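Structural overview
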Amino acid sequence: MKRTHHCSQLRATDVGHKVALAGWVHVRRDHGGIVFIDLRDREGLTQIVFDPQHNKPSWELAQALRSEFVVAVEGVVRSRPAGTDNPKLPTGQIEVLVHTLEVLNSSETPPFQIDETQAGEDLRLQYRYLDLRRPAMAKNLILRHKVAKAVRDYFDANRFLEVETPILFKSTPEGAREYLVPSRVNPGKFYALPQSPQQFKQMLMVAGVERYFQIAKCFRDEDLRADRQPEFTQIDIEMSFVTRDDVLAMMEGLVAHIWQAARGEKLPLPFQRMAYKDVMERFGSDKPDTRFGMELVDFTEDFKASAFKVFRSAVDSGGVVKALNAKGLAGATQGQIEQLTETAKSFGAKGLAYIKVEAGEWKSPIVKFFSEAEKAALIQKLKIEEGDLILFGADKRESVWEVLGRLRLVVADILKKTGKLTVRDDQWNFLWVIDFPLLEYRPEEGKYYARQHPFTAAVPEDVHLLDTDPLKVRGSQYDLVLNGQEMAGGSIRIHRPDMQKKMFEEVLKIPADVAKARFGYMLEAFRYGAPPHGGIAFGFDRLVATLCGTSNIRDVIAFPKTAKAFDLMTDSPSEVEPKQLRDLHIKLDLES
RNA sequence: GGGGGUGUAGCUCAAUUGGUUCAGAGCGCUGCCCUGUCACGGCAGAGGUUGCGGGUUCGAGCCCCGUCACUCCCGCCA
């Protein structure tokens, strides 16, 4: 018995045809005589009917069917009697009257029901093969495949080569913690699993590949989040002979192609672009959610001579005063204000100044210090109205960004829950953030660090500042942000050996021998005619999660790990045999 | 590393301030009945050391301490 159709395929036009279906018993409805079964496969459901008057032997066999039995049936498609259509199913106009039934396998009662009801996540992970049978999860897997195919189609059409890079890589202790792999044949030596194929893709550019992409597994041994797994997937891209704008345009094409393939939607191009400094000043975040307002407004000038000492002294010491208007949150309880204050404090604020605009009055412990001119500035710039809650930040510039940026999101969540703010999930606010600072200074170490990675080139106009004012240097980095989430990030790379050496040794102060040990091959490669190049990488899981309408990337990964990086289905990681350790020249030193 | 949440029947959950039926409901499961259901229906039934360990108390699902698991967030993620 070979199946002729899948379970979401048959329509009224197929009536009269002899068909064969195979799948799982989703639901059984036994009326004593006639028996209905919803047969489920990856694609959907079809109602099959066992009628004792039509075929007694198969009807008798069907008595034993239970949830999740695997069956194949042969029968004829017929339209359902008038009035018994099921408009909820694509196949709801027809049913298959079964001639013959073959039970391919029985099933124990599953630990949870295979339907829309959500079991606990640990149980779902333990029985992931059952969880993935649920139509919602099957849909996610299918969409993930579609997106991957769209990616490959797009890059193929644009003359990119998909090249695989090694999983056993060299340890590079900068950045994320790595998974180490001991080498049996090289005692005491280790590989590391790649955090990304960054260095290999640059080598591919030196190799003349010109346009490379890969749907690449990456590994980071860091703590997990709803949107972070220890192993995850990137769409990794690198191009030669390109400028930043070439890369951005190519990626806009990719994203548009994906949205077309996955959702049938046409995205307006090009995407908006904003400089890092501007997004920080306006949103207090380098990945702003621009679907709603409540932007940060600057009052540094207005309060530089204020009678309110907290503001004045912030300005005096080179800081800023900024505020945001939480529209409609004046009704916040004292408890909520305290929570907001705690939030502010947890991000480094000393306190949280606020004004509630209620019953035509400004209710606030600080408003008595404000001059008429200061009040006027607030009203005008923040468009203050009845019912507003104004929140202030006064401190060092970066600190105010951070505090108000976080508060903006917290406040938006509160307003969303109370229905005072609507943020649509199907609104796609893509945004390129550009002109990031190349370096940051870590005073505790007295050193500069690359904000992205040490291969990012400075924008050409700023190169001369590297020696004199490194913090002013803008990197040629770009991030693609969607609705407050970072979707992709990349840069134009350094391709000249002298510049890369200067970056390692003079700017980042990596000792020459260390730089040579870690990146020597790169510096050498660049001496043999490395083309100018740049690239980007997308977080594939997050991208797919967004398209699936979930914020949890576990929902779009077939076999994800728990928050403790455990695989509950296979019980991994696990202990190993002493012999395996001996082979690897490893001795354990466990506490307690 | 830190903070919050959750843990009661196979699943999802309920159980006033610790106090008589406080061990319950729905779904699922088992048996019987039922020929047009699709949340099928009817009748009957099985099923729990309340995550685990300890403590307080006359008495603990409920309070305290510890521990484990899952989860969310901060740190971390060049």
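Scope of this entry: the structure provided in the associated data block.

1. Focus: helix 12 (residues 497–507)
Looking at helix 12, one finds that the buried residues are Q500, K502, M503, F504 and V507. If you follow the buried residues of helix 12, they end up packed against strand 18 (439–442), strand 19 (447–450) and helix 13 (512–526). Once helix 12 finishes, K509 follows within two positions and takes phi at roughly 55 degrees, a positive value.

2. Structural notes on the protein's contact with RNA strand B
Near RNA strand B lie 49 residues; those nearest to it are D30, R78, T84, E95 and Q452. The share of sugar and phosphate among atoms of RNA strand B within 4 Å of the protein is 54%. Between RNA strand B and A226 there is a distance of 3.4 Å, counted from a phosphate oxygen to a backbone nitrogen or oxygen. Take the surface near RNA strand B: its biggest share by element is three residues, from helix 2 (residues 121–126).

3. Examining the nonpolar core
Residues F155, I237, M251, W259 and F538 are the most contacted members of the largest nonpolar core, which totals 43 residues. By residue number, the principal contributor to this core is helix 6 (residues 244–263), which donates eight residues. Judged by nonpolar contacts, the second largest core, of 26 residues, contains L352, V400, V403 and V423.

4. A few points about the pattern of salt bridges
Evaluation of the coordinates by the stated rule reveals 50 salt bridges. Across the pair K327 and E385 runs a salt bridge, and its minimum N-O distance is 3.4 Å. With K327 in the loop between strand 13 (320–326) and helix 9 (334–346) and E385 in the loop between helix 10 (372–382) and strand 16 (389–395), this residue pair connects regions lying 58 residues apart in the sequence. Looking at E385, the relative accessible area reads 48%, which means it is partly exposed. We note a salt bridge from D426 to R424, for which the minimum N-O separation is 3.0 Å.

5. Notes on the sheet that holds strand 5 (residues 94–105)
Taken in spatial order, the five strands close into a barrel running 1-2-3-5-4, and their pairing is mixed. Each adjacent strand pair in this sheet contributes to an overall mean axis angle of 55 degrees, direction not counted. Across seven bridges, strand 1 (residues 18–30) lies against strand 4 (residues 70–79) in antiparallel orientation. Bridging from a neighbouring strand, K18 pairs with V76 of strand 4.

6. Let's talk about a nonpolar patch on the surface
Among the surface-exposed residues, Y129, F559 and M569 lie close enough to one another that they form a single nonpolar patch of about 290 Å² accessible area. Residue placement: F559 occurs in the loop between helix 14 (540–548) and helix 15 (578–583).

7. Concerning helix 14
When you tally the buried positions in helix 14, you get seven out of nine residues, the bulk of the element. Of all the residues in helix 14, the buried ones are F540, D541, L543, V544, A545, T546 and L547. Along its buried surface, helix 14 packs onto helix 4 (135–157), strand 10 (231–240), helix 6, strand 20 (477–482), strand 21 (485–492) and strand 22 (533–539). Positioned one or two residues after helix 14, G549 has a phi angle of 75 degrees, which is positive.

8. Section: unusual backbone geometry
Leave glycine aside and you will find that most residues have negative phi; peptide bonds, for their part, are mostly trans. Residues L269 and P270 are joined by a peptide bond in cis, for which omega reads -5 degrees. Structurally, the position occupied by P270 is in the loop between helix 6 and strand 11 (272–275). Across the junction of S572 and P573, the peptide omega takes the value 5 degrees, indicating a cis bond. With respect to the helices and strands, P573 occurs in the loop between helix 14 and helix 15. Of note in the backbone geometry, E68 takes a positive phi value of approximately 75 degrees without being a glycine. Checked against the element boundaries, E68 lands in the loop between helix 1 (56–62) and strand 4. Backbone geometry at A359 places phi at a positive 50 degrees, although glycine is not the residue there.

Analysis parameters
- Residues numbered from 1 in each chain as written.
- Chains lettered and ligands numbered in written order.
- Predicted model: local features only at pLDDT ≥ 70, side-chain atom pairs only at ≥ 80, totals over all residues.
- Heavy atoms only, no water.
- Buried < 20%, exposed > 50% of the residue type's maximum accessible area, 1.4 Å probe, protein only.
- Helix = DSSP H or I, 4+ residues; strand = E, 2+ residues; numbered from the N terminus.
- Contact = heavy atoms within 4.5 Å.
- Near = heavy atom within 4 Å.
- Polar contact = N/O pair within 3.5 Å; in protein donor to acceptor, adjacent residues only side chain to side chain.
- Core = buried A, V, L, I, M, F, W, Y, C linked by side-chain atoms within 4.5 Å.
- Salt bridge = Lys/Arg side-chain N within 4 Å of Asp/Glu carboxyl O.
- Pairing = 2+ DSSP bridges.
- Axes fitted to C-alpha atoms, helices over the stretch in contact; angles between N-to-C directions.
- Patch = residues over 30% accessible without salt bridge, like charges linked within 9 Å, V, L, I, M, F, W, Y side chains within 5 Å.
- Areas by Shrake-Rupley, 256 points an atom, 1.4 Å probe, with all protein chains shown as cover.

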